[in-house]
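One letter stands for each residue in the lines below.
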Amino acid sequence: MRVGSAALKGVTGLVLLFLLFPVLVVVLISFSSVDFLSFPPPGLSLRWYRTIFSDWQWIDAFWVTAQVGALTALLSTLLGVPAAFALSRHVTRGRGMLNALVLAALVTPSVIKALAIYLYYVPLGLLNTIPGLAFAHTVSGIPFVVINVVASLAGYDRDIERAATIHGASPVRAVFGVTLPIIAPAIIVGAVFAFMQSAQELLIAIFVLSTLQKPLAVKLWEGVRVAIDPSIAAATTSVTLLVILGLVTVMLANRRSRPVRTVAHA
Amino acid sequence: MGLAAPGREDRRAAEAGVEVRLDRLTKLFGAITAVDEISLTIPAGSFVTLLGPSGSGKTTTLNLIAGFLTPDGGDISFDGQAVGAVPPHRRNIGMVFQSYALFPHMTVFGNVAYPLRMRERPGRAHLAARVGETLAMVGLSGLEHRYPRQLSGGQQQRVAMARALVSRPRLLLMDEPLGALDKKLRERLQGEIKQLHRQIGSTFVYVTHDQTEALTMSDMVVVMHDSRIVQVGSPRAVYEAPVNAFVADFLGGANLLPGEVLARQHACYAVRIPNGEVVAVPHLGGSLVAGSAVTVFVRPEDIRIGASAASAESQVATPAVIREILYVGEAFRVTAMIGDQPIVVRAHRTEAQQVEIGRTVSVAWPTERSRALDVTT
């Protein structure tokens, strides 16, 4: 038993190392003191962070990504939460198909989406606008919200909402005052995922928003193609830090509302 | 609050409980009939229990009364007013759920204050007073600021009771509220719920599959089986005079002996039981004719055995062979064979000491404690 558990820990450790090693390399290089990518770096410094945070192009890229991501998270939540309620409570016929349709956004090849959106946006004047890119990213953001909220609603004791209703709350009040606060962690997780999905998306961003303003993903991509220096690593590490912050938010959200302890029959 | 203070007792008496009437109520779930044309009048201020095995339609009936489900046929009325078009949040009901369904993100205070906040827009002081008063009633004073997950099962149950009672609803619905608790706590809370009922005077509709709970707490027991009501009556009536074998068996250990009516005499049927003997069973106006199959019902605690079975007038006494003697704590459970049919006797210590496995003894019961149940109902 003990040998088996040690082996499991060993294998798990190796897999994690394999997955995280590239990230570790990038993080280390971002603190490099020299002008070129070399690993391990010959010396440590913060010069590349100074470079990107004093360069308006980089700051602008962070800002564009933040705006697009926030708008994407907001829209995904506003559309995804009602969709999740409908899917888990009201749709009885064709639920599987509707589910598949929502999730299809995740598996459609990005090039096809990018091209389609480009052609669609030209007459609408949404090209090269921040809302334009956010709308496009929302299509892929909604599934994250829907998946999380549907799962949360499946584990939600509907009697809690009924208790609110029978004790005087209108159905709308019961949902807003009781159900939504209880499933809030799932909504937050969905919104954070929608944001991160938007922040790392490259192809649609290149098509829709790349001539005037560049989101971070585009800026990184262009940086890698033009000149390889550790500023790319510094920018990437900053993004990684953002992602970690997002995940910590998610964990805190989950901890805040553990389910009510229920007493088992046995 | 100024209005409520002087005449609270009067007000409580005046609006005590609501009369609930179900008229040919039907509910279908797809092809399954969950509730099949049931009609029932629940008197104002009474404690009524819907009792039945799972799937008998009792919880569905409760959910129809609450308004969570829409009937497919029939009507529900409160004090003569049809409530079909009234949504649950306007029916003015308190309800205790099996899972308690407390709001996990609110404190005990928040949970109990919820119905008042939804229904009355009370002032701060009034709210605190009412919540405090209700928490005191269920013995939870001082726990206002705890969250449900910080409470024991019994405490959670009391919070659920307090939430259901705080706005003084005239109708209280309870769906197996004690099902998740251990036996001792359950028995204590049964007493407390009964006391709350006497104190408040609202109509209580209680759902359970536990016959002891139904018998100890109710004014009226409604036995349900297969989506229908099989018997309505006082706890004594359903326990002592069940209308059929299902009710007899569901309400506690019942001996059900197959027999044949030989004759209908002035007060009794003469019934042949499996050991070939003929015994008298009260017919109580029944109309079985000679030759009909019948089930003879008698409770284990009504049967005496061995020496104590002898003598005494108006008794049925018949020979039986002892097959098993089990010690069950406060008594012995003796199984004896009447012909090929087992009969269970709840024997006192002294009785049990007088009998041995394999011996033929006399078993006896008072004629009036037995019933002839029509096998066709």
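Just so we're clear, the structure is a prediction, and the values are computed from it rather than from any experiment.

Caption draft 1: The overall build of chain B, seen in detail. The number of helices and strands found in chain B is 10 helices and 20 strands. By principal-axis analysis of the C-alpha atoms, chain B measures approximately 75 × 45 × 40 Å. Nonlocal contacts in chain B, meaning residues at least 24 apart in sequence, comprise 67% of its contacts between residues at least 6 apart. Carbon and sulfur atoms make up 51% of the accessible area of chain B, which amounts to about 16,400 Å² in all.

Caption draft 2: Highlighting the pairing of strand 8 (residues 203-208) of chain B. All names here are of chain B. Of all six residues that make up strand 8, six are buried, and the element is covered over most of its length. Neither face of strand 8 is left uncovered, since the one carrying T203, V205 and V207 and the one carrying F204, Y206 and T208 both have all their residues buried. Here strand 3 (residues 47-51) pairs with strand 8 via five bridges, running parallel. When the bridges of strand 8 are listed, F47 appears paired with F204. Once the chain exits strand 7 (residues 171-175) it traverses helix 6 (residues 183-200) before rejoining the sheet at strand 8, and the crossover so formed is right-handed.

Caption draft 3: Quick peek at the confidence of the model for chain B. Residue and element names in this part refer to chain B. Taken as a whole, chain B shows an average pLDDT of 89; of its residues, 94% reach a score of 70 or greater. Taken element by element, chain B is modelled with least confidence in helix 1 (residues 8-15), mean pLDDT 46, and with most confidence in strand 3, mean pLDDT 97. Under a pLDDT of 50 for its full length, residues 1-14 has, in the predicted model, eight contacts with residues more than four places off or in other chains. Per the prediction output, this complex has pTM 0.83; the corresponding ipTM is 0.83.

Caption draft 4: Fine view of the layout of surface pockets. Residues and elements named next belong to chain A. Reported here for the largest pocket is a volume of approximately 510 Å³. Along the wall of the largest pocket there are 20 residues; nearest its centre are A199, Q200, V239, T240 and V243. Contributing elements (two or more residues each) for the lining of the largest pocket: helix 3 (56-90), helix 8 (171-200), helix 10 (216-226) and helix 11 (231-256). No other element matches helix 11, which puts seven residues into the lining of the largest pocket. A class-by-class count of the residues in the lining of the largest pocket yields 15 nonpolar, five polar and no charged.

Caption draft 5: Expanded view of empty space enclosed by the protein. All names here are of chain A. This structure, assessed with the given rule, holds three cavities of 30 Å³ or more. In this structure, the second largest cavity spans a volume of roughly 50 Å³. Lining the second largest cavity, in full, are T65, V68, G69, L133, H137, S198, A199, E201, A205, P215, L216 and A217. When contributions to the lining of the second largest cavity are tallied by element, the ones reaching two or more residues are helix 3, helix 6 (130-154), helix 8 and helix 10. The element that contributes the greatest number of residues to the lining of the second largest cavity is helix 3, accounting for three residues.

Caption draft 6: Structural detail: the packing of helix 5 (residues 153-165) of chain B against helix 6 of chain B. Residue and element names in this part refer to chain B. Following both chains from N to C, one finds helix 5 and helix 6 inclined at 15°, their axes separated by 12 Å at the closest point. Taken together, the axis directions place helix 5 and helix 6 in an arrangement best described as roughly parallel. When you trace helix 5 past helix 6, the crossing you get is right-handed. Contacts from G154, Q157, R158, M161 and L165 of helix 5 reach helix 6 at L185, R188, L189, E192, I193, L196 and I200. When its residues are assigned to classes, the contact of helix 5 with helix 6 shows seven nonpolar, two polar and three charged.

Caption draft 7: Here's a closer look at the domain arrangement of chain B. All names here are of chain B. Here chain B is partitioned into domain 1 (8-245) and domain 2 (253-374). With eight residues of domain 1 at the contact, the number on the domain 2 side is seven residues. At the boundary of domain 1 with domain 2, total buried surface from both sides reaches about 670 Å², with 51% on carbon and sulfur atoms. If you look at where domain 1 meets domain 2, you find one salt bridge. Here E240 makes a salt bridge to R369, at a shortest N to O gap of 3.7 Å. Summed over the shared surface of domain 1 and domain 2, the result is two residue pairs in polar contact (both at pLDDT 80 or more). Ranked by residue count, the leading element in the side of domain 1 that touches domain 2 is helix 8 (residues 235-240), at three residues.

Caption draft 8: Structural context of the interface of chain A and chain B. Listed as interface residues are 27 residues of chain A and, on the opposing side, 31 residues of chain B. Taking both sides of the interface into account, the surface hidden between chain A and chain B amounts to around 2,500 Å²; carbon and sulfur atoms contribute 62%. Taken together, the connections running from chain A to chain B amount to four residue pairs in polar contact (both at pLDDT 80 or more). For the side of chain A that touches chain B, the elements supplying multiple residues, two or more each, are helix 7 (158-166) and helix 8 of chain A. Here the side of chain A that touches chain B is built from residues that sort into 14 nonpolar, six polar and seven charged.

Caption draft 9: A look at unusual backbone geometry. At R121(B), a residue that is not glycine, the phi angle is positive and equals roughly 50°. Of note in this structure, S227(B) is not a glycine but carries a positive phi near 70°.

Caption draft 10: Main features of the pattern of salt bridges. Under the defined criterion, the tally for this structure stands at 21 salt bridges over all chains. One salt bridge connects D35(A) with R47(A), and the closest N-O pair in it is separated by 2.6 Å. Separated by 12 residues along the polypeptide, D35(A) in the loop between helix 1 (2-30) and helix 2 (47-54) and R47(A) in helix 2 bring together distant segments of the chain. Where D219(B) meets K194(B), a salt bridge forms, and the shortest distance between an N and an O atom there is 3.7 Å. With D219(B) in the loop between helix 7 (211-217) and strand 9 (220-225) and K194(B) in helix 6, this residue pair connects regions lying 25 residues apart in the sequence. Assessed through its relative accessible area of 38%, D219(B) is described here as partly exposed. The class for K194(B) is buried, based on a relative accessible area of 14%. One connected set of salt bridges, linked through shared partners, spans R236(B), E240(B), D302(B) and R369(B).

Rules used in this analysis
- Residues numbered from 1 in each chain as written.
- Chains lettered and ligands numbered in written order.
- Predicted model: local features only at pLDDT ≥ 70, side-chain atom pairs only at ≥ 80, totals over all residues.
- Heavy atoms only, no water.
- Helix = DSSP H or I, 4+ residues; strand = E, 2+ residues; numbered from the N terminus.
- Contact = heavy atoms within 4.5 Å.
- Areas by Shrake-Rupley, 256 points an atom, 1.4 Å probe, with all protein chains shown as cover.
- Buried < 20%, exposed > 50% of the residue type's maximum accessible area, 1.4 Å probe, protein only.
- Pairing = 2+ DSSP bridges.
- Right-handed = clockwise from strand over helix to strand, strands pointing away.
- pLDDT = per-residue confidence, 0-100.
- 1 Å grid on protein atoms, 1.4 Å probe; cavity = no way out; pocket = protein on both sides within 12 Å on 5 of 7 lines; lining within 4 Å.
- Points joined across faces, edges and corners; volume = space filled by probe spheres on them.
- Nonpolar A, V, L, I, M, F, W, Y, C, P; charged D, E, K, R; others polar.
- Axes fitted to C-alpha atoms, helices over the stretch in contact; angles between N-to-C directions.
- Parallel < 35°, antiparallel > 145°, perpendicular 65-115°, else oblique.
- Left-handed = near helix turned anticlockwise from the far one by under 90°.
- Domains from an automatic or database assignment.
- Buried area = accessible area lost by both parts, 1.4 Å probe.
- Salt bridge = Lys/Arg side-chain N within 4 Å of Asp/Glu carboxyl O.
- Polar contact = N/O pair within 3.5 Å; in protein donor to acceptor, adjacent residues only side chain to side chain.

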